[in-house]
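Architecture at a glance
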Amino acid sequence: EAQVTQNPRYLITVTGKKLTVTCSQNMNHEYMSWYRQDPGLGLRQIYYSMNVEVTDKGDVPEGYKVSRKEKRNFPLILESPSPNQTSLYFCASSPLSITDTQYFGPGTRLTVL
Amino acid sequence: GENVEQHPSTLSVQEGDSAVIKCTYSDSASNYFPWYKQELGKGPQLIIDIRSNVGEKKDQRIAVTLNKTAKHFSLHITETQPEDSAVYFCAAWGFSGGYNKLIFGAGTRLAVHP
């Protein structure tokens, strides 16, 4: 089944404790991105990647890192999480670019205490 | 930069009625406008999109219209069913903050009552 998977789905952590949210797609898509969803703000792009080893900042990159060592994986890293990073996070992939159909993962609900 | 406003934020209709959600955008160069449906506990899913070279697109009970002059686009759902209940997001592809990106509206929570 073609899909985007994220892990974990739920995470409660404390300020400053490094964490990684994994994202994997099995559709051989070139383009991958991370969004955060907050009430009243819709989805905002954090980082995106147009291909392996090519990543770039989105709208709200502060406090986040990403890597794209393989085409299928695009982990999101929070080196020192803070309470304002409490949010619902989505990974998405599309065949070539952001104007292709984007396929979203199921989401990761992160709470930083 | 691009800004997308979406209205209403909540919409309640009776089963069988039509529902209309409207979005406005600011960047006249935007040329791609997708609509996403997000069910509870799931990620958004593309339901329909339109590009600037057409004014309307239809897929069964769902249609999207685009008015480039007025810079607004709308989602129309006819003969609504309870399974249409979800949060709907519009988006516009535009240039903002130094690069091209999809800007999302804040979302509309649609409730369809049997």
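Residues numbered from 1 in each chain as written. Chains lettered and ligands numbered in written order. Predicted model: local features only at pLDDT ≥ 70, side-chain atom pairs only at ≥ 80, totals over all residues. Heavy atoms only, no water.

1. Some details on the overall build of chain A
Per the secondary structure count, chain A includes zero helices and eleven strands. Order of helices (α) and strands (β) in chain A, N terminus to C terminus: β-β-β-β-β-β-β-β-β-β-β. For 113 residues, the compact-globule estimate of 2.2 N^0.38 gives 13 Å, and the C-alpha radius of gyration of chain A, at 13 Å, lies within 12% of that figure. Along the longest, intermediate and shortest principal axes, the C-alpha atoms of chain A span 35 × 30 × 25 Å. Relative to its 113 residues, chain A shows a buried fraction of 50%. Residue pairs in contact within chain A that sit at least 24 positions apart in sequence constitute 54% of those at least 6 positions apart. Carbon and sulfur atoms form 52% of the exposed surface of chain A, whose accessible area is close to 5300 Å². (Helix = DSSP H or I, 4+ residues; strand = E, 2+ residues; numbered from the N terminus. Rg over C-alpha atoms; globule rule 2.2 N^0.38 Å. Buried < 20%, exposed > 50% of the residue type's maximum accessible area, 1.4 Å probe, protein only. Contact = heavy atoms within 4.5 Å. Areas by Shrake-Rupley, 256 points an atom, 1.4 Å probe, with all protein chains shown as cover.)

2. Digging into the sheet that holds strand β3 (residues 19–25) of chain A
Residue and element names in this part refer to chain A. Strand order in the open sheet formed by four strands is β1-β3-β8-β7, with antiparallel pairing between adjacent strands. Each edge of the open sheet carries a strand with a single partner, namely β1 (4–7) and β7 (65–66). Of the strand pairs in this sheet, β7 and strand β8 (residues 76–78) are connected by two bridges, and their pairing is antiparallel. Note on β8: the bridge partner recorded for Val66 is Leu76. (Pairing = 2+ DSSP bridges.)

3. Overview of the side chain of B:Asp49
Residues and elements named next belong to chain B. Within the element layout of this structure, Asp49 appears in strand β5 (residues 45–51). In terms of polar contacts, Asp49 uses its side chain to reach the side chain of Tyr32, at 3.1 Å. A polar contact is formed between the side chain of Asp49 and the side chain of Lys57, at a distance of 3.0 Å. Residues in contact with Asp49, not counting those within four places in the same chain, are Tyr32, Phe33, Pro34, Lys57 and Val64. (Polar contact = N/O pair within 3.5 Å; in protein donor to acceptor, adjacent residues only side chain to side chain.)

4. Side note on the environment of A:Pro8
All names here are of chain A. Along the polypeptide, Pro8 turns up in the loop between β1 and β2 (10–13). Residues Pro8 and Asn51 lie 43 residues apart in sequence; the distance between their C-alpha atoms is 24 Å. Not counting residues up to four positions away in its chain, the partners in contact with Pro8 are Thr20 and Thr108.

5. Observations regarding the pairing of strand β9 (residues 87–94) of chain A
Along a regular strand, successive side chains alternate from one face of the sheet to the other. All names here are of chain A. Most of β9 is tucked away: eight of the eight residues are buried. Burial along β9 is two-sided: Ser87, Tyr89, Cys91 and Ser93 and Leu88, Phe90, Ala92 and Ser94, pointing in opposite directions, are all buried. Here three bridges tie β9 to strand β11 (residues 108–112), and the two strands are oriented antiparallel to one another. Paired with Leu88 across the strands is Arg109, a residue of β11.

6. Some thoughts on the sheet that holds strand β1 (residues 4–7) of chain B
All names here are of chain B. Taken in spatial order, the five strands line up as β1-β3-β8-β7-β6 in an open sheet, and their pairing is antiparallel. Sheet topology places β1 and β6 (56–59) at the edges, where each strand pairs with a single neighbour. Taking each pair of neighbouring strands and ignoring which way they run, the sheet shows an average axis angle of 15 degrees. Note: strand β3 (residues 19–25) against strand β8 (residues 72–77), six bridges, orientation antiparallel. Of the residues in β8, the one forming a bridge with Lys22 is Ser74. (Axes fitted to C-alpha atoms, helices over the stretch in contact; angles between N-to-C directions.)

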